[in-house]
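# Inside the fold
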Amino acid sequence: MEKYLSYSQEVLDAKEKGLPIVALESTIISHGMPYPQNVQTAREVEQIIRDNGAVPATIAIIDGKIKIGLTDEELEMFGNASNVAKTSRRDMGYLLATKKLGATTVAATMIAAELAGIELFVTGGIGGVHRGAETTMDISADLEELSQTNVAVVCAGAKSILDIGLTLEYLETKGVPVVGFGTDVLPAFYTRESEFSVNFRSDSAKEIADMMRAKWDLGLQGGAVIANPIPEGDALDAGFINGIIERALVEADEKGVKGKDVTPFLLGKVKELTEGTSLVANIALVKNNARVGAAIAVALNKNN
Ligand code: PSU
Ligand code: MN
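Summary of the structure given here. Treat the numbers as computed from the prediction; the structure is a model and nothing was measured.

Of note, the amide linkage connecting tyrosine 35 to proline 36 takes the cis form, showing an omega dihedral of 5°. With respect to the helices and strands, the residue proline 36 is situated in the loop between helix H2 (27–32) and helix H3 (37–51). Here the phi dihedral of lysine 99 falls at roughly 55°; this positive angle occurs in a residue that is not glycine. Here lysine 99 falls in the exposed class, since its relative accessible area comes to 53%. Unlike most non-glycine residues, methionine 137 shows phi in positive territory, near 60°. Tracing the backbone shows methionine 137 in the loop between helix H7 (133–136) and helix H8 (141–148). Residue classification places methionine 137 among the exposed residues on the basis of a relative accessible area of 69%.

Once that is clear, we can look at the site of ligand 1. The local shell around ligand 1 holds 15 residues, among which Glu25, Lys86, Ser140, Lys159 and Thr263 are the closest. One of the side-chain N or O atoms of lysine 86 is found 2.6 Å from an oxygen atom in ligand 1. In this structure, a nitrogen atom belonging to ligand 1 sits 3.4 Å away from a main-chain N or O atom of glycine 125. Contact with the protein chains covers 93% of the free accessible surface of ligand 1, which is 470 Å². Along the lines of polarity and charge, the residues of the shell around ligand 1 split into four nonpolar, seven polar and four charged.

Overall, the coordinates contain 18 salt bridges when judged by the stated rule. Across the pair lysine 206 and aspartate 210 runs a salt bridge, and its minimum N-O distance is 2.6 Å. You can see lysine 206 and its partner aspartate 210 sitting in helix H10 (residues 205–217), four residues apart, about one turn around the helix. Lysine 206 sits in the exposed class, given a relative accessible area of 54%. Here the salt bridges share partners, and the residues they tie into one network are Glu251, Lys255, Lys269 and Glu272.

Calculation notes
- Residues numbered from 1 in each chain as written.
- Chains lettered and ligands numbered in written order.
- Predicted model: local features only at pLDDT ≥ 70, side-chain atom pairs only at ≥ 80, totals over all residues.
- Heavy atoms only, no water.
- Helix = DSSP H or I, 4+ residues; strand = E, 2+ residues; numbered from the N terminus.
- Buried < 20%, exposed > 50% of the residue type's maximum accessible area, 1.4 Å probe, protein only.
- Near = heavy atom within 4 Å.
- Polar contact = N/O pair within 3.5 Å; in protein donor to acceptor, adjacent residues only side chain to side chain.
- Areas by Shrake-Rupley, 256 points an atom, 1.4 Å probe, with all protein chains shown as cover.
- Nonpolar A, V, L, I, M, F, W, Y, C, P; charged D, E, K, R; others polar.
- Salt bridge = Lys/Arg side-chain N within 4 Å of Asp/Glu carboxyl O.

Structure (structure tokens):
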């Protein structure tokens, strides 16, 4: 693995000392937020993880290596580069071989985290089953990854650019538990609630860590979705944001956006149409996830 993985000094030290580590993705940096807010948010999220007793490992593909932990310079370069490829499971080999810049999605970050021995990963939103998937077959590779790779993923639920109901059905078929952190209903990213229930509610990081340990001890492959609602003060009005998402979906359809471009296009449109309000909410929920994720990583580190 040394041929492909390259650790930052901070992560290397953490591994040697057996400290809890939290993986972070980089598609959110390159395709989810504009520069310079992306780099600033990434740094602040890393600091929140440190302040809560764990060590952050932002993951990206740079120069033919999967980087586990980025230096400040790497983060700055990466967040400001225009030639970064969104990288899912499918794309990893190609990007390593060609030494191009790759931003890891939830799926690719899970793969990298597992290779690096990291059990917990914090992000904003996961991919899912898109609306209209019954004809487009647009289902994120993130879901397949959640079913086979042993990493718990803390997110703010599923965004309503997706078909949340079908996403839950898919996760159920694949045996992926969906846990609400302090909530009975699945949060919908910008809002604290959707019309769907989670499988389990837990109010305790330790309980979630124990659940993951039991699952993995049994040899049950795969991760879990730990859905943590956006803080109340940062949540957007459901009517407002859903109206905007509808408009973004219509435009994506009219423009014929396909494949891996769909999610970044929709996220970009939503940001544009909300005049930045969605970006503020997005930043707030990721930070909130970092707090919860660090607590779960600490608990996982104790029960392994
Ligand atoms: N949802 C968000 N923000 C994001 C993404 C999803 O709210 O940045 C990114 C994540 O990296 C996720 C990817 O893994 O989009 C899913 O893309 P796709 O739907 O093409 O699988
Ligand atoms: Mn897709």
